[in-house]
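Chain by chain, the residues:
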Amino acid sequence: MTPNKEVAIDTRNIKIIRSGRKTIALEITQDAEIIVRAPYHFTDRAISNFVRSKSDWIRKHLSKMEKLAADRAALEPLTKGDIEKLAEDALRYIPLRVREIAKKMGVTFGNITIRNQKTRWGSCSAKGNLNFNCLLMLTPPEVVDYVIIHELCHRIHMNHSPAFWREVEKYDPGYRDKKKWMKEHGRVLFDRMAAGSH
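S.K.: Would you mind going over the layout of surface pockets with me for this structure?
M.R.: One simple way to see leftover space: roll a probe sized like a water molecule over the atoms. Here the largest pocket is characterised by a volume of approximately 350 Å³. Looking at the largest pocket, it is lined by 15 residues, and the ones nearest its centre are Arg120, Trp121, Gly122, His150 and Glu151. Per-element tally for the lining of the largest pocket: the top contributor is helix α4 (residues 141-153), with four residues. The class makeup of the residues in the lining of the largest pocket is six nonpolar, six polar and three charged.

S.K.: Looking at this structure, how should I read the nonpolar core?
M.R.: What tends to happen in soluble globular proteins is that the nonpolar side chains get buried as a cluster. Core analysis: the largest hydrophobic core is formed by 34 residues, its most contacted members being Ile94, Trp121, Phe132, Leu135, Ile148, Leu152 and Val168. Going through the elements one at a time, α3 (80-105), β6 (130-133), α4, α5 (162-171) and α6 (175-196) are the ones with two or more residues in this core. In this structure tryptophan 121 touches Asn131, Phe132, Asn133, Leu135, Leu136, Thr139, Val147, Met182, Gly186, Leu189 and Phe190, once residues within four positions along its chain are discounted. Ranked by size, the runner-up nonpolar core spans 13 residues in total, among them Ile14, Ile34, Ala38 and Phe50.

S.K.: What should I look at first to understand the environment of glutamate 184 in this one?
M.R.: On the secondary structure map, glutamate 184 appears in helix α6. Sequence separation between glutamate 184 and lysine 64 is 120 residues; the distance between their C-alpha atoms is 9.9 Å.

S.K.: Sorry if this is basic, but what is going on with the side chain of lysine 178 here?
M.R.: Tracing the sequence through the fold places lysine 178 in helix α6. Side-chain polar atoms of lysine 178 contact the side chain of aspartate 172, separated by 2.9 Å. Not counting the four nearest positions on each side in its chain, lysine 178 is found in contact with Glu142, Val143, Tyr146 and Asp172.

S.K.: Looking at this structure, how should I read the sheet that holds strand β5 (residues 122-124)?
M.R.: Picture the strands of a sheet paired through backbone hydrogen bonds; they go either parallel or antiparallel. Here three strands make up an open sheet; going across it, the order is β4-β6-β5 and the pairing mixed. In this open sheet, the two strands that pair with only one neighbour each are β4 (112-115) and β5. Along the sheet, successive strands turn relative to each other by an average axial angle of 15°, direction set aside. In this sheet, β6 lies alongside β4 in parallel orientation, the contact comprising four bridges. Residue pairing for β6: isoleucine 112 is matched across the bridge by leucine 130.

S.K.: What should I look at first to understand the sheet that holds strand β3 (residues 34-39) in this one?
M.R.: Pairing in this open sheet of three strands is mixed, and the strands run β1-β3-β2 from one edge to the other. The outermost strands of the open sheet, each flanked by one partner alone, are β1 (15-19) and β2 (25-28). For this sheet, the mean inter-axis angle between neighbouring strands, taken without regard to orientation, is 20°.

S.K.: In this structure, what is going on with the packing of aromatic side chains? I would like to understand it.
M.R.: Both the distance between ring centres and the angle between the ring planes are used here to describe each pair of aromatic rings. For the structure shown, the criterion picks out four aromatic pairs. Ring geometry for tyrosine 146 versus tyrosine 175: centroids 6.4 Å apart, planes at 15°, classification stacked. In this pair, tyrosine 146 is assigned in helix α4 and tyrosine 175 in helix α6, connecting sequence segments 29 residues apart. You can call tyrosine 146 buried: its relative accessible area is 4%.

Definitions and limits used
Numbers given for residues are sequential positions, taken from 1 along each chain in its written order. Under the rules for a predicted model, residues below a pLDDT of 70 receive no local features and side-chain atom pairs below 80 are neither given nor counted, while totals for whole chains, interfaces and linings still include all residues. Water and hydrogen atoms were dropped before computing side-chain values, which therefore reflect all heavy atoms in the structure. The method works on a 1 Å grid over the protein atoms by themselves. A cavity is a set of points holding a 1.4 Å probe that cannot get out, a pocket is an open set with protein on both sides within 12 Å along at least five of seven lines, and residues with an atom within 4 Å of a point line them. Grid points are joined across faces, edges and corners, and a volume is the space filled by probe spheres set on the points. Numbering of helices and strands starts at the N terminus; helices are DSSP runs of H or I of at least 4 residues and strands are runs of E of at least 2. Side-chain classes are defined by residue name, with Ala, Val, Leu, Ile, Met, Phe, Trp, Tyr, Cys and Pro counting as nonpolar, Asp, Glu, Lys and Arg as charged, and the others, Gly among them, as polar. Nonpolar cores were defined as sets of buried Ala, Val, Leu, Ile, Met, Phe, Trp, Tyr and Cys residues, with membership established by side-chain atoms within 4.5 Å. Accessible area is worked out with a 1.4 Å probe on protein chains only. A residue is then buried under 20% of its type maximum, exposed over 50%, and partly exposed in between. We call two residues in contact whenever any of their non-hydrogen atoms come within 4.5 Å of each other. Pairing of N or O atoms within 3.5 Å defines a polar contact, subject to two protein rules: one partner must be a possible hydrogen donor and the other a possible acceptor, and residues neighboring in sequence count only if both atoms are side-chain atoms. By the convention used here, strands pair only if DSSP detects at least 2 bridges between them. The axes are straight lines fitted to the C-alpha atoms, using for helices just the contacting stretch, and the angles between their N-to-C directions are given from 0 to 180°. Centres within 6.5 Å are what make two rings of Phe, Tyr or Trp a pair, Trp counting through its six-membered ring; a difference in plane orientation under 30 degrees is then read as stacked, over 60 as edge-to-face, and the rest as tilted.

Bear in mind that shape data such as this cannot, by itself, settle questions of function.
Shown next, in the form of structure tokens:
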């Protein structure tokens, strides 16, 4: 069996952010940047020891990010025609689902617009007008439903407070899985759109 390729960890490239937090935490961004968030009183040595203790976890996630980067590079950019087709499909599908889900939730909404935004999946205005990204048509149906529920919940709470997330969970108990899917795969879709616009 071929051993897994090890990813080297260069501690010089670790970004350290000190704040008034009480615990130390580690984050790896989609650009493979390693970030350590630590309390002010943590010394550089303590942070270095913490990073070393997490070396296996770091290697695993850096490998995952490298794979995602390779996947992004291999994907074809979306052409203008592709985006127009996605917008047409979204216009046929999303308003229908919005009406069905809004009825179950007992909320109203205004106009529905389909766009090809490069960073947002959806939005809800104070007047209840809804915008949805045509790229949603490249995601699983349950992810589309999550985004719709998310935006319709803003008809109840125009914020992202704990009360808002309780409302989302009420209508989509597994919403965290959808959020995770979007975090892992969404960047690839936005990159494809951006690549096609050059």
